[in-house]
Amino acid sequence: MTAVVALVGALINLSGPGHFLSWHFIQISVANLVVICLMVVVFVAAILLPLPSRKHRHDR
Amino acid sequence: MTVSPPVTEADGHDDAPEPIHPEDAGQWTAKLRATAVEAFPPARILPDRQPAYVASALYVFGVLTMAALSIVILTGLVLAVMGPTWWHVSSTGLFVNSLHLWSVEAFFFFMVIHLWGKFFMAAWRGRRRLTWVTGVVSFLVSVGAAFTGYLSQQNFDSQWISTQAKDGINSTGAGAVFNVLNFGQMLMWHIVLLPLVVVAIVGIHLLMVRRRGVVPPFAPEAAPAPAGDTPVGSEAPVAATTAGEAS
């Protein structure tokens, strides 16, 4: 059971209070900032990386 | 109206639309059918091929958003059938509840990237304004749907969110019909009203994508355009492979 929990559980402990970053009037949680950064990374990767395609498409 | 060829004996149906009898031409059913068939012929509503420029990962996020929305709806249906005690107490209920939450996270994740991509493509070009507007409205309504979902958690988190939001909502005057402290009302908004609106607007959005086609990329600026060149918003597709695409 412990192994299953370790396998499917969160990589970090999410049970504690959240962490926040503050800069003047701007306040954002670290979790939200991480998600925004991930979105930017995926967006840039989608632009730069080629889309895998089937090799036998000669008619395209 | 052209006369369709005779019905084949194989299946009793024909691909061509039924001709409208002159006596029936004034009926609203005939007018609606003719308009719908003209706007959305089967090859356009469910095409087999896409233009060559769609072979980019940036064009994937719309369908990823739709896939996430499907999981949101399916898990929401299961939660509605089984009820709060089940999703709060049983391990299976907690799992489905988590699936509902994380599919919403994925939905917004993909939708925002889809939004960025379409914004930088200026995807409202080529008579695609309604496609863009329905996308914007579906995004805004989805925020409301997610908000009422957070209010429906029945925990300290939802209590905190509702008490933080009440003054702002009430200051707009919407508090009379949208009371964030009224759990039953927020649950109904979350599981009935807002999902209906989201699904309806996303449906219109998809129909508009099929109607106008996927927006083509900007034309390369290799040579200076001569006077009287194609205006912005009417670019021809780079390599359209389907008859109904990029119209």
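About the cut-offs
- Numbering of residues starts from 1 in each chain and follows the order in which that chain's sequence is written.
- Each chain is given a letter, starting from A, and each ligand a number, starting from 1, according to the order in which they appear as written.
- Two thresholds apply to this predicted model, a pLDDT of at least 70 for residue-level local features and 80 or more for giving and counting side-chain atom pairs, whereas whole-chain, interface and lining totals are computed over all residues.
- Each nonpolar core consists of buried Ala, Val, Leu, Ile, Met, Phe, Trp, Tyr and Cys residues. Their C-beta atoms, within 7 Å, join them into a set.
- Exposed residues have 12 or fewer other C-beta atoms within 10 Å of their own C-beta, buried residues have 20 or more, and residues in between are partly exposed; the C-beta atoms are placed from the backbone.
- Here a helix means four or more residues in a row that DSSP labels H or I, a strand means two or more in a row labelled E, and each is numbered from the N terminus.
- It is the C-beta atoms, placed from the backbone, that decide contacts: two residues are in contact if theirs lie within 7 Å.
- What counts as a domain boundary in this text is fixed by an automatic or database domain assignment.
- Amino acids are sorted into nonpolar (Ala, Val, Leu, Ile, Met, Phe, Trp, Tyr, Cys and Pro), charged (Asp, Glu, Lys and Arg) and polar (every other residue, Gly among them).

**Structural notes on the nonpolar core**
Residue and element names in this part refer to chain B.
Link 1 in the chain: Formed by 16 residues in total, the largest nonpolar core has its most connected members in Ala68, Val72, Phe107 and Phe110.
Link 2 in the chain: Mapped onto this core, the elements with two or more residues apiece are α3 (61-82) and α5 (91-120).
Link 3 in the chain: It is α5 that contributes the most residues to this core, 6 residues altogether.
Link 4 in the chain: The contacts of Phe110, once residues within four sequence positions are left out, are Phe61, Leu64, Thr65 and Ala68.
Link 5 in the chain: With 9 residues, the next largest nonpolar core counts Leu151, Met186, Trp189 and Leu194 among its residues.

**Quick notes on unusual backbone geometry**
Residues and elements named next belong to chain B.
Link 1 in the chain: Backbone geometry at Ala122 places phi at a positive 55 degrees, although glycine is not the residue there.
Link 2 in the chain: Structurally, the position occupied by Ala122 is in the loop between α5 and α6 (129-151).
Link 3 in the chain: Classification of Ala122 by C-beta neighbours within 10 Å gives partly exposed; the count is 14.
Link 4 in the chain: Even without being glycine, Gln154 reaches a positive phi, approximately 60 degrees.
Link 5 in the chain: When the 13 C-beta atoms within 10 Å are taken as the criterion, Gln154 is described as partly exposed.

**A look at the domain arrangement of chain B**
Residue and element names in this part refer to chain B.
Link 1 in the chain: The domain architecture assigned to chain B consists of domain 1 (53-121) and domain 2 (127-212).
Link 2 in the chain: For domain 1 versus domain 2, the separation of C-alpha centres amounts to 15 Å.
Link 3 in the chain: Taken together, the contact between domain 1 and domain 2 spans 9 residues of the former and 8 residues of the latter.
Link 4 in the chain: Elements that contribute at least two residues to the side of domain 1 that touches domain 2 include exactly α3 and α5.
Link 5 in the chain: Of the residues contributing to the side of domain 1 that touches domain 2, the split by class is 7 nonpolar, 1 polar and 1 charged.

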